[in-house]
Amino acid sequence: MSLIHVVGFGLKVGHLLWVPCCLIVSFIYLNWFNCNLGINHNHNCSNNNKWKMGFLGDYDGKVWLNNWWEKNLGNTCKQYYYKYNSLRRSWWRKLWHAYVVFWIVISSSRFLHMSSEATEKRKESLVSLCDERARMLQDQFNVSMNHIQAMSILISTFHHAMDPSAIDQKTFARYTERTAFERPLTSGVAYAVRVLHSEREQFEKQQGWTIKRMDTLEQNPVQEDDFALEALEPSPIQEEYAPVIFAQETIKHVISVDVLSGKEDRQNVLRARESGKGVLTAPFRLLKTNRLGVILTFAVYKKELPSNATPDERIQATDGYLGGVFDIESLVEKLLQQLASKQSVIVNVYDTTNHTDPIAMYGSDVLGDEFYHVSTLNFGDPFRKHEMHCRFKQKPPWPWEAIHSSVGMLVIAVLIGYILYATVNRMFISEDNYNEQMELKKRAQAADVAKSQFLATVSHEIRTPMNGVLGMLNMLMDTDLDVTQQEYVRTAQGSGKALVSLINEVLDQAKIDSGKLELEAVVFDLRAILDDVLLLFSEKSQGKGVELAVYVSDEVPEQLIGDPGRFRQIITNLMGNSIKFTEKGHIFVTIHLVEEVVHSIEVEPQSTSKDTLSGYPVADIRRSWEGFKAFSQEGPLGSFSSPSSELVNLIVSVEDTGVGIPLEAQSRIFTPFMQVDPSISRKHGGTGIGLSISKCLVGRMNGEIGFVSIPNIGSTFTFTAVFTNGSPNSKEGRSQQINNQPHLASSEFHGTNALVIDPRPIRAKVSRYHLQRLDIRVELVSDLDQGLSLITNGNSAISIVFIEQEVWDRDSSISLHFVNNTRKVDPPKLFILVNSNSSFRASSVNSGDPFPVVITKPLKASMLAVTLQRAMGVGNRGNTRNVELPSLSLQHLLRGRRILVVDDNSVNRTVAAGALKKYGADVVCVSSGKDAISKLKPPHQFDACFMDIQMPEMDGFEATRRIRELEHMASIEASMDADGNNSKLRVPILAMTADVMQATNEECLKSGMDGYVSKPFEAEQLYREVSRFFPTS
Amino acid sequence: MDVLQLQRKLREHQAAMLREGFLDDQFSQLQKLQDESSPDFVIEVVKMFFDDSEKLLHNMTRALGQVPVDFKQVDAHVHQYKGSSASVGAARVKNVCATFRNFCETQNLEGCVRCLQQLQQEYSLLKNNLQYLFRLQEEIQAAGGSIPTIE
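Here the structure is a predicted model, which means the values were calculated and not measured.

Novice: It is not clear to me how the overall build of chain A should be interpreted in this structure. Could you clarify?
Specialist: A count of helices and strands for chain A gives 30 helices and 29 strands. By sequence separation, contacts in chain A at least 24 residues apart represent 74% of the contacts at least 6 residues apart. When the accessible surface of chain A is totalled, it reaches about 53,900 Å², and 56% of it is carbon and sulfur.

Novice: What's the story with the pattern of salt bridges in this structure? I'm lost.
Specialist: Where charged atoms from two side chains of opposite charge come close, those side chains can pair. Residues and elements named next belong to chain A. Tallying each qualifying case throughout the model produces 26 salt bridges over all chains. The closest approach of N and O atoms between D531 and R773, which form a salt bridge, is 3.0 Å. Highlighted residues: D531 in helix 11 (residues 526-544) and R773 in helix 19 (residues 761-773), separated in sequence by 242 residues. Here D531 and R773 have matching classes, each one buried.

Novice: Would you mind going over the sheet that holds strand 11 (residues 372-377) of chain A with me for this structure?
Specialist: Sheet strands pair via backbone hydrogen bonds, and the direction of the pair is either parallel or antiparallel. Residues and elements named next belong to chain A. Read across the sheet, four strands follow the order 10-9-12-11 without closing on themselves; strand pairing throughout is antiparallel. Looking at which strands have only one partner, the edges of the open sheet turn out to be strand 10 (359-362) and strand 11. Ignoring which end each strand starts from, the neighbouring axes of this sheet average 30° apart. By the bridge criterion, seven bridges tie strand 9 (residues 345-351) to strand 12 (residues 386-392) in an arrangement that is antiparallel. When the bridges of strand 12 are listed, D351 appears paired with H386. Contacts from helix 8 (residues 328-338) reach strand 9 and strand 10, with the element oriented near 50° to strand 10.

Novice: Explanation requested: a nonpolar patch on the surface in the structure shown.
Specialist: Residue and element names in this part refer to chain A. A surface patch of nonpolar side chains, about 310 Å² in accessible area, is lined by F454, V458, I462 and L499. Ranked by residues supplied to the nonpolar patch, first place goes to helix 9 (residues 400-478) with three residues. With respect to the helices, strands and loops of the structure, F454 is situated in helix 9. Overall, the relative accessible area of 52% leaves F454 in the exposed class.

Novice: Which parts of the structure should I look at to understand a negative patch on the surface?
Specialist: The grouping of D40, E44, E138 and E139 of chain B at the surface amounts to a negative patch. Examined against the element boundaries, D40 of chain B turns out to sit in the loop between helix 2 (25-33) and helix 3 (41-65).

Novice: So what exactly am I meant to see when it comes to the state of the cysteines here?
Specialist: Covalent bonding between the sulfur atoms of two cysteines defines a disulfide. Tallied over the entire structure, the rule returns one disulfide over all chains. One disulfide in the model links C130 of chain A with C390 of chain A; its S-S distance is 2.3 Å. Every disulfide takes its handedness from the sign of the S-S torsion; for C130 of chain A and C390 of chain A that torsion is 80°, giving right-handed. A residue pair is termed long-range when its members are at least 10 positions apart, and C130 of chain A in helix 2 (residues 61-160) and C390 of chain A in strand 12 qualify at 260 residues. Both residues of the pair, C130 of chain A and C390 of chain A, count as buried. Free cysteine C115 of chain B: the closest other cysteine sulfur is in C112 of chain B, separated by 6.7 Å. A relative accessible area of 2% places C115 of chain B in the buried class.

Novice: Help me understand the interface of chain B and chain A in this model?
Specialist: Accessible area lost upon the coming together of the parts is a frequently used measure of interface size. Each partner contributes to the interface: chain B provides 23 residues, whereas chain A provides 20 residues. Of the roughly 1,900 Å² buried where chain B meets chain A, counting both sides, 58% is carbon and sulfur surface. Linking chain B to chain A there are zero salt bridges. Where chain B touches chain A, the interface holds three residue pairs in polar contact (both at pLDDT 80 or more). Of all the secondary-structure elements, those providing two or more residues to the side of chain B that touches chain A are helix 2, helix 3, helix 4 (71-88) and helix 5 (91-106) of chain B. Considering each element in turn, the side of chain B that touches chain A owes the most residues, seven residues, to helix 4 of chain B. For the side of chain B that touches chain A, the per-class residue count stands at eight nonpolar, nine polar and six charged.

Novice: Mind showing me how you'd approach the packing of helix 2 of chain B against helix 4 of chain B here?
Specialist: Residue and element names in this part refer to chain B. With their axes 6 Å apart at the nearest point, helix 2 and helix 4 run at an angle of 60° to one another. On the side of helix 2, the interface is formed by Q26, F27 and L30, while helix 4 contributes A86, S87 and V88. For the contact of helix 2 with helix 4, the residue count by class is four nonpolar, two polar and no charged.

Novice: I keep staring at the pairing of strand 23 (residues 829-834) of chain A and nothing clicks. Help me out?
Specialist: All names here are of chain A. Counted residue by residue, strand 23 has five buried out of six residues, so it is predominantly covered. The sheet contact formed by strand 22 (residues 800-804) and strand 23 spans five bridges and is parallel. When the bridges of strand 23 are listed, E804 appears paired with L833. Across four bridges, strand 23 lies against strand 24 (residues 853-856) in parallel orientation. Along strand 24, the bridge assignment pairs V834 with T856.

Novice: Which parts of the structure should I look at to understand the packing of helix 4 of chain B against helix 5 of chain B?
Specialist: When two helices pack together, their arrangement is given by the angle between their axes and by how far apart the axes lie. Residue and element names in this part refer to chain B. As a packed pair, helix 4 and helix 5 sit with axes 9 Å apart at the nearest point and diverge in direction by 160°. Considering their axes alone, helix 4 and helix 5 lie roughly antiparallel with respect to each other. When the axes of helix 4 and helix 5 are compared, the crossing they make is left-handed. Between helix 4 and helix 5, the residues in contact are F71, V74, D75, V78, H79, Y81, K82, S85 and A86 and V93, K94, C97, F100, R101 and C104, respectively.

Each value, and the rule that gives it
All residue numbers here refer to positions counted from 1 along the written sequence of the relevant chain. Labels are handed out in written order, letters beginning with A for the chains and numbers beginning with 1 for the ligands. Owing to the predicted nature of the model, reporting of local features is limited to residues with pLDDT of at least 70; listing and counting of side-chain atom pairs is limited to 80 or more, with chain, interface and lining totals taken over all residues. As a rule here, side-chain values cover all heavy atoms of the structure and leave hydrogens and water aside. Going along the chain from the N terminus, every DSSP run of H or I of four or more residues is numbered as a helix, and every run of E of two or more is numbered as a strand. In what follows, residue pairs with any heavy atoms lying within 4.5 Å of each other are defined as contacts. Only the protein chains shown count as cover for residues, and the accessible areas themselves come from Shrake-Rupley with a 1.4 Å probe. Counted as salt bridges are all cases of a side-chain nitrogen of Lys or Arg within 4 Å of a carboxyl oxygen of Asp or Glu. Per-residue accessibility, obtained with a 1.4 Å probe over protein chains only, is compared with the maximum for each type, and a residue is labelled buried under 20%, exposed over 50%, and partly exposed between these values. One requirement defines pairing of two strands: DSSP has to find at least two bridges between them. For helices, the fitted line uses only the C-alpha atoms of the stretch in contact; every axis is such a line through C-alpha atoms, and the angle between N-to-C directions lies from 0 to 180 degrees. Patch definition: residues above 30% relative accessible area lacking any salt bridge, with like charges linked at up to 9 Å and the nonpolar side chains Val, Leu, Ile, Met, Phe, Trp and Tyr linked at up to 5 Å. Charge counting follows a simple rule: Lys and Arg are positive, Asp and Glu are negative, and His as well as the terminal groups are ignored. We put the charge of a Lys on NZ, of an Arg on CZ, of an Asp on CG and of a Glu on CD. A pair of sulfur atoms, both from cysteines and within 2.5 Å, is called a disulfide here. Summed over both partners, the accessible surface that disappears when two parts come together, traced with a 1.4 Å probe, is what is meant by buried area. Two N or O atoms count as a polar contact when they lie within 3.5 Å, although within protein this holds only if one can serve as hydrogen donor and the other as acceptor, and sequence-adjacent residues are included solely when both atoms are side-chain atoms. Classes in brief: Ala, Val, Leu, Ile, Met, Phe, Trp, Tyr, Cys and Pro nonpolar; Asp, Glu, Lys and Arg charged; the others, Gly included, polar. Oblique is the label for every angle not falling under 35 degrees (roughly parallel), over 145 degrees (roughly antiparallel), or within 65 to 115 degrees (roughly perpendicular). Crossings are sorted by hand: turned counterclockwise from the far helix by less than a right angle, the near helix makes the crossing left-handed, and turned clockwise it makes it right-handed.

Below, the structure is given as C-alpha cells:
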C-alpha cells in the first residue's frame, strides 16, 4: 500500500514537472523552426534573384551553366528540406502517439491507485465493524456466563453445603424464573448432580425416579412438545451418573435425564469438571424453538479449589453440573439490533473447533460481498473455537471518484496534447502552403520574366532582319523604277517602318515590365524636339487639313537635362493618337511650367470655349489634371512652390478636336494592349500600348498623366514631368542661347519687326512664339484694318506681315486693299499662313503681282527661318558651314595627337588609321590586346587609344582592364613621388565597335573605357566622343 | 581612249556600284581619306581586304567542313569579315555577313553553307568590279587625268 502511495506521489510530481518541460521544449522548437524558415526563405530569395539576373543578364553560356548549377543546387536543398520536413512530421506524430499512450498509462495507474485506496478504506471499516461486533457479543455472552457461574455457586452453597438442601425443584424453578431477566440469552438452566453408581439406588429412591438415558432424546429432540418422559429408558449401569435434578420451568422435561449419557453432554460435563470453567457444546437445534443454541456447563465443586488444582482433584471434588442453554441466534440478533449499520453488514458466526467442518451458529447464506473479515470470539472455553465472519451486504460500489478523476486527467492531458499537436500540425501545413506559394510565386515571376525575355528576344530578332528589309527597300527606291513599282516599294517601306516602330513599342513595354528601362540624363533643347515632332506629323496633318501647333512658354528654360528620347516618345505617342482620331480642327501642344499654370488657375477665369486654335470647341484642359496628386496637395501651389531653381516642372498638354474617347472606355485607356474597340486597330493600326508606355515613362520622369475627353468634341491629354535646368542662368542666357544655335540662323533677323494679323489670340500667340524664337519682334492685331493702320502709322518699321489664311480669304477686296496700301510705304513682305496647300490653292486666285509667300503650317522656327531667308534674300551660308563643322573641328582637335589604334583586323585597322590620319593625328597601329598593353604603359606616350572590342586571345575589355590596373599602380607610385603631372597617367580609351548596344556601352564603362565609337567612324560621333577628352583650346 | 571618256566611265561604274549596293558611303569616305600623303590608300586597303577575304573565306569553308561544326569559330570569322567589309564599304558583303551571323547564332548549318556560297559569290563580284574600277583609275592616271571624286 505504501508502495502504491509512493508511486502515486511520484507520478503527481512528475506530471507537475512534465508540463513546464513540454512548454519550454515547444517554445524552443518554435523559435528554432522560425529561424530555420527564415533562413530557408532567404536562401530561396537569393537563389531566385540570381536566377532572375541570370535569365535577364546575357546569353553567355557560362552564366547559364552557373545558373543551372545554382538552380539545381537550390532544388536539391529544397528536396532535402521537404524530406526533412516530412521526417519531422512523422516524428511529431509518433511523439503524439507516445504522449497519448503515456497519459493513458498515467491515468489508469491513478485509477488503480484510487480504487485500491477506496477498497482499503472499506476493508478497514469492515474490520472495525466486525471487531466491534465480536467484542460486544463476547461481552454479552460473558455476562450471561457469569450469571450461570453465580448460580452454580448458589447451588453449591444452598444445595450441597446445607443439609438438608435449601433448594428443591420448585425453588429452583421459581428462582430461575424470576432471575431470567438477568440471563436474557439463556433459554433455560438445569442442574445435574453427580451420582456414583454405588449411590444410584439410594439416590433413585430418594428422588423417587430412576435415572434415565438421554440418547434417544438426543436422536429426536424436536419431535413434539409433549413427549412423555416416561418413554425414556432408564439409564444403563454406568460408573457414575449425572441426572438433572433441578431445571427451569422451560426445560422441566430434562429432569432425571442422565446428562452423562448424552454424547455431547458427556463430553461437556467431563471437560467442565476437569477445567473448572464454563464449557460449551457444539451448536445444535434447540428442542422447542428450533433455533441454534449451545449449552454452557459449569461444574459445581464440594469445596473451593485452588486455581492450580489438578483435574483429578477437580473430578474428585465435583458435586454436580450446572448447564444453561444459550440461544446464540437470538443473542447475535439482539446484539446486531443494538448496533448501527446492521443492514449493510452480514454477520455469520461459526464454531470452528473442527477446522475442516465449521458449524454455522448464526447467519444466513445471503450472498454479499466476496470480501469478509474474520474475528475470533472467545467465550471462555479454550476447547471451543468460535469465529465471526462479517461482510458487506452490497457489492463494493464503482469507484466513481477514481474514474472521474483519472478520466478527467486523461481528457485534459489529451486535450492539451492535441492542442500542441494540432498547432504543430497547422504550422507544418502553413509552412507547406508557404513553400508552395513561394514556388508558385517564383514560377509566376519566372513566367513573367520569360514573357518579357521572349518579347525582347523576338523583338530584337525581328528588328535585325527588318533593318535588312528596310535597307534593301531603301536601295530599291534608288534604282530605276516605274511609278507603280515605286508605289509598291513605298508601301512596303511604310509597312516596314510601322512594323519596326511597333516592335520598338513592344520592346519598350517589355523593358518597362522587366524594370530595365533607364532614363538618360543629357542636356537637350526642348523646342528643337518639338520642332522634330511637328515635322514628323506635319505631312499627315496637312493631308487631313488639321491644324498642328506647338507653343512653349517663355518661362521654360532653353536647355533641360533629362531623357529627350523618352520625352519625345511620350509626345509622339500622344500626338500620334490625336492625329489618328482627329479629322478636323486642330492639335495643339502646349508646354508650360507647372507654376505658371497653377497661377493661371488662380488668376484667369474660365476662358470661353470659342477661344481655341481652330475655333472648334475643345475639352476643358483643366479637367485633365484634376486627378494629379501634386496639384491637390496643400493648396493650389502644392508641392510646386518649392524655390529650388534646379528642378523644372513641366506641364505638357496635347489638345485635339477629334472623336474623343467613349466614356465607358476611359477607365481602361492606360491599360496595355487596350483599344477602344477592335475596329480601331483595323482602321488605324497600332498595338494600343502607346499610352501605357507613356504612362510608365511619365511616371519615371516623376510626373503624372491625365486626360479629359468628351465624345465628338475632343480629348486633352496632360502630363507633368520633372527635368533639371540645363541652362545656368535661364532668363539672361536665353537670347544668347538662341544665337548660339547655328541652324536657326536667328541672328540674321535680329531687330526685325513683324506683324501678325490673326483674329484668334491663341493662334496668334503660337505664331508669335515661333517668330520670337527667331529674335523677331512681333505685334499682334486681329484684322487687316488694324494691321494697315499699324503699318502706316506705327513707330517701328514693320518689314514682315503674317496673315492668317482665314483673314486673307474673308474678303478679297479688303485683302487687295491691304496689299495696295501697304505698298505705298516701305512695302513689307507678306506671308500667308495656311493649313494645307490644297485648301489655299483653291481660293487663291489672286491677280496681285507680288503674290504673298504662302507658309504652310505647322509653323516651325527652322522652317520659318529658311522661308524668310529665301523670301528676304538674307544670306544662306549657314547651312553649308554646319555640315563642315564636325570634320573641321575634328581636324582642330586631333591635329598632332598621338593615337594608338588597336584592331586585329588589318582592313579595319588601316581604315581607322587612315581616317584619323586624315584629321591630322599621328597614328600608331597594333594588332592585339597584348601589344596594346605593351605600348600603353604609364607614363603614356599616347593621347588616346581606339580599341577594338572583339579580338582573339585578349579582347578589348580585358586589355583595358589590365591597362587601368597598371595605371592605378603607377598613380599610387606617382602620388608617393608627389609628382603632380597626372595627365600622362591615364590615357582615354575608346572602344570601336560595329554593333552599338546599350549593354556594350555599359560593359565598356565597366571595364574602364571612356566611351565608344562605331566602326567605321562617323564624323559626328567621333567628334562628340573625342571632344570630351581633348579640350578645344 | 579619251581621258574624259574614261573618267565618265569610271564615274558611271562607281555610281552603278553604289546604286547596286556593292559599295556604300563608306567607300566614298575611304576615297576622301586618300590624299597626296597616301596616294594609294584605297588600293592598299582594298588589297588588304581581298587578302583578308580570301583568308577568311578559306577559314570559314574549313570551319564549316568540320564535324561537328564549331559555330562559334565560324561566327568569329564572319564577325571579322563583317568588320573588314564594313570598313571598306562593301555593303552587300556586309549584309550577307549579318545574315550569316544570324544563322550561326541559331546553329543553322544549311543556312550557313548557303550564306558562305553567297559570300563567295558576292566577294567575287565585288572583286571583279573593284578591279575594273582600279584598272580604269590606273588608265586615267596613265593618261594623265585626275580621278574624279564622287559627291
